[in-house]
Amino acid sequence: MANEEIRWDRLFHAYGLAADLPARLGALRGDDTDAASDAGVFLIQRLHGTGRLTPATAPAITAILPLLHDPALDGGVRDSLLFLLGEVARTAVGAPSPPPVDAAVLAWRDAYLADPARRAVHEWTDEDAPGRVLLAHAARECFDLLPTVFGAVWPVPAAWPAWTRALAASTLVPLVRHPDLADRCPEVVAHHRDAARTTTDRRECAAYVLGLGELGEAPREWLDDPRLAVRTCAALAPALADDPQAVDLLVRVAVAPRAFDHSFVEPFVPRSHRLTVPTRELPRRLLIRTVCERVADFGKLLSAAFAAAELHRTVEFGPYLRVAFPDGLPAVGEATGDQASFARVIADRDDLWDGSRPGAAAMFAAAGLPADRDRWREVRMNPERCYDVSTITVLGPGQAVRMRPSMYFGVGRTDPELPSRMLAEFADSGMSVQVQGPLRFTARGSGELRVNPNADGLDAAYSVAHCRVATSFAAGLSLWMTVHRWADGVAYRQQFVDGAAMGPAETVGPTDQADGVLFEFELDDDWLPPGARLPGA
């Protein structure tokens, strides 16, 4: 059916009447690139809002498909549309058969379309149960459309830009789960494998490797890839759920979960381009959920659980709660050392208990645990426990600094003096410090720099005898850190997020710089209190 023949006023999307869709569909290929980009975002929100497919979704997808190969379509808009198609396919392919549409459903629909105060789909109540029947039928309509979507995307056009081709390949993954497309799966697997082996771009390679995992393959050959994004995406493959190397890799990466978030783009890019990822959700959430599904021994996850709990602007450590406390909170005096340590971190986070952190109560409820600070304080204290080696928690350098800043700087996390105290650690190091912004500074030094090129973490990778303490403390409070090194007329550089290397040290090339090192630090504004600034910024 042509776009102009569709009765959009008799359809609804996730946020209301679909009468506003034709204008947005028309804007996709217009000369105004900003309007086209806005239209792409608008369609994603309306046609797959909060993960729901609506009666307007299938007709809109039918209108979108011919645009994919339109040379007038902006490349960024094409990327958005491919993302939308993949999300629709993932939702539709798992949808159950819908119940019949009876008179009550039709009456509800007519009343909903006529109601000027109609609620968005995510605001529906039990009174809107008939509407959910229409959503089920919308999902079925999208399911029936998937072979047509496949024909519009496959074979992936060689003329499309490299990242667009990677997005198209990701879109194909859920499509081949349709029964009519199952025989095309080997072709799609071969495409992913060949592309992953030939591309040199880490984001593209990670996307193809992630797709291999979703297609049921075991991408073991990428577990040793030097790029964090690529080897982690390989380890996430369901087929490697019992592979010791893959599980160990996920446990180690989970200790710095935000490093995985930022690992998909080439290092040293501008900040605005850092979070460009091929995953459908924030990468660290996928990582946290997967590692908790695969590791039942909480002792192996303790450091990772600390890292997730120390992300002060979020509540993303829910999966660790279910591993740490599978039988609920233990009675007073019965917690293990690991349970008590984790409970201490949770009890000490004020924002979980003062009502300022949305989602905290729901997270505890989902884990079957009380949102009661006093109960968590009881778990963390066990006066009858005999303290021995089993009660000792070994922390990495960065975690130790963040969990007990007063031990290192004499002030707590929320003290505005903390950045100044941290800079003071460089005073006796002989390094030259220069403040570059509110939370950015550099520290330059000369002399011997010992390098371990095989180390994952900052503290193990670089050691400057006269400034190790200062740089370790600064790294512990930083989200991003870059090391520039000059040795024997050659320049090198390496980038870290939360102390985890984004990749191996890179050789920049010849230089006339004297032997030495420059550390660039970008302090973590998520962990530091609001308004924190370096002195002189």
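Structure: above.
Values in this document were obtained by computation on a predicted structure and should not be read as measured data.

Calculation rules
- Residues numbered from 1 in each chain as written.
- Predicted model: local features only at pLDDT ≥ 70, side-chain atom pairs only at ≥ 80, totals over all residues.
- Heavy atoms only, no water.
- Helix = DSSP H or I, 4+ residues; strand = E, 2+ residues; numbered from the N terminus.
- Buried < 20%, exposed > 50% of the residue type's maximum accessible area, 1.4 Å probe, protein only.
- Contact = heavy atoms within 4.5 Å.
- Areas by Shrake-Rupley, 256 points an atom, 1.4 Å probe, with all protein chains shown as cover.
- Salt bridge = Lys/Arg side-chain N within 4 Å of Asp/Glu carboxyl O.
- Polar contact = N/O pair within 3.5 Å; in protein donor to acceptor, adjacent residues only side chain to side chain.
- Core = buried A, V, L, I, M, F, W, Y, C linked by side-chain atoms within 4.5 Å.
- Expected span 1.5 Å × (residues − 1).
- Bend = angle between axes of the 7 residues up to and from the residue.
- 1 Å grid on protein atoms, 1.4 Å probe; cavity = no way out; pocket = protein on both sides within 12 Å on 5 of 7 lines; lining within 4 Å.
- Points joined across faces, edges and corners; volume = space filled by probe spheres on them.
- Nonpolar A, V, L, I, M, F, W, Y, C, P; charged D, E, K, R; others polar.
- Patch = residues over 30% accessible without salt bridge, like charges linked within 9 Å, V, L, I, M, F, W, Y side chains within 5 Å.
- Lys, Arg positive; Asp, Glu negative; His and termini not counted.
- Charge placed at Lys NZ, Arg CZ, Asp CG, Glu CD.
- Phe/Tyr/Trp six-rings, centres within 6.5 Å; stacked < 30°, edge-to-face > 60°.
- Lys NZ or Arg CZ within 6 Å of the ring centre and 35° of its normal.

## Section: the overall build of the chain
Summing up its helical and strand segments, the chain has 23 helices and 11 strands in all. The buried share of the chain, taken over its 537 residues, is 51%. Here the contacts in the chain between residues at least 6 apart in sequence split such that 66% fall between residues at least 24 apart. Element-wise, carbon and sulfur atoms account for 51% of the exposed surface of the chain, whose accessible area totals about 23800 Å².

## A short note on the pattern of salt bridges
The full count for this structure, using the stated rule, is 29 salt bridges. A salt bridge links Glu 187 to Arg 184; its shortest N-O distance comes to 2.6 Å. Residue class for Glu 187 comes out partly exposed when judged on its relative accessible area of 34%. For Arg 184, a relative accessible area of 27% puts it in the partly exposed group. Between Arg 258 and Asp 524 there is a salt bridge, with its nearest N and O atoms 2.4 Å apart.

## A word on the side chain of Thr 199
As for its position among the elements, Thr 199 is in the loop between helix H8 (185-198) and helix H9 (202-214). One polar contact links the side chain of Thr 199 to the main-chain amide nitrogen of Asp 201, over a distance of 3.2 Å. Among the polar contacts made by the side chain of Thr 199, one reaches the side chain of Glu 204 at a distance of 2.7 Å. What Thr 199 contacts, discounting residues up to four positions off in sequence, is Glu 204 and Cys 205.

## Comments concerning helix H3 (residues 57-64)
The element H3 is extensively covered by neighbouring structure, given that 6 of its 8 residues are classed as buried. Among the residues of H3, those classed as buried are Thr 57, Ala 58, Pro 59, Ala 60, Ile 61 and Ile 64. If you follow the buried residues of H3, they end up packed against helix H1 (21-27), helix H2 (33-47), helix H4 (75-92) and helix H6 (129-153).

## Observations regarding the environment of Gly 412
Mapping Gly 412 onto the fold places it in the loop between helix H20 (405-409) and helix H21 (418-424). As for Gly 412 and Arg 402, which are separated by 10 residues in sequence, their C-alpha atoms are 9.4 Å apart. Residues contacting Gly 412, with those up to four places away along its chain left out, are Pro 405, Ser 406 and Leu 418.

## Quick look at the nonpolar core
Side chains of a nonpolar character, in soluble globular proteins, are inclined to be buried together. Of all hydrophobic cores here, the largest spans 129 residues; its most connected members are Leu 28, Phe 317, Tyr 320, Leu 321, Phe 342 and Trp 376. Here this core takes 9 residues from H6, the largest share from any one element. Membership of the second largest hydrophobic core comes to 28 residues, among which are Val 401, Met 481, Val 483 and Ala 532.

## Here's the deal with H6
Counting along an α-helix, one turn takes 3.6 residues, and residues three or four places apart therefore face a common direction. Spanning 25 residues, H6 covers 35 Å between terminal C-alpha atoms, matching the ideal 36 Å at 1.5 Å per step. In H6, a bend of some 40° at Leu 146 exceeds every other bend along the element, and Pro 147, a proline, comes one to four places later.

## Examining empty space enclosed by the protein
Picture a little ball the size of a water molecule; that probe, rolled over the atoms, points out where space is still empty. The full count for this structure, using the stated rule, is 1 cavity of 30 Å³ or more. Along the wall of the largest cavity there are 10 residues; nearest its centre are Ala 475, Ser 478, Met 481, Asp 498 and Gly 499. Residue assignment for the lining of the largest cavity shows that the elements contributing at least two residues are strand S7 (478-487) and strand S8 (490-497). Looking at which element gives the most residues to the lining of the largest cavity, the answer is S7, with 4 residues. Here the residues of the lining of the largest cavity sort into 7 nonpolar, 2 polar and 1 charged.

## Digging into a negative patch on the surface
A contiguous patch of negative charge on the surface is contributed by Asp 31, Asp 32, Asp 34 and Asp 38. Relative to the elements of secondary structure, Asp 32 occurs in the loop between H1 and H2. Taking relative accessible area as the criterion, Asp 32 reaches 46% and is therefore assigned partly exposed.

## Details of the side chain of Thr 482
You can see Thr 482 is positioned in strand S7. In terms of polar contacts, Thr 482 uses its side chain to reach the side chain of Gln 495, at 3.2 Å.

## Considerations on the packing of aromatic side chains
Two numbers describe a pair of aromatic rings. These are the distance of the centres and the angle of the planes. For the structure shown, the criterion picks out 20 aromatic pairs. Judged by centre distance (5.5 Å) and plane angle (45°), the ring pair of Phe 364 and Trp 376 falls under tilted. A residue pair is termed long-range when its members are at least 10 positions apart, and Phe 364 in helix H17 (residues 360-366) and Trp 376 in helix H18 (residues 373-380) qualify at 12 residues. No difference in accessibility class separates Phe 364 from Trp 376, as the two residues are buried. Clustering of aromatic rings is evident, with ring pairs tying together Phe 298, Phe 317, Phe 325, Phe 342, Trp 353, Phe 364 and Trp 376. Directly above the ring of Trp 527 sits Arg 413, whose terminal nitrogen or CZ lies 5.9 Å from the centroid.

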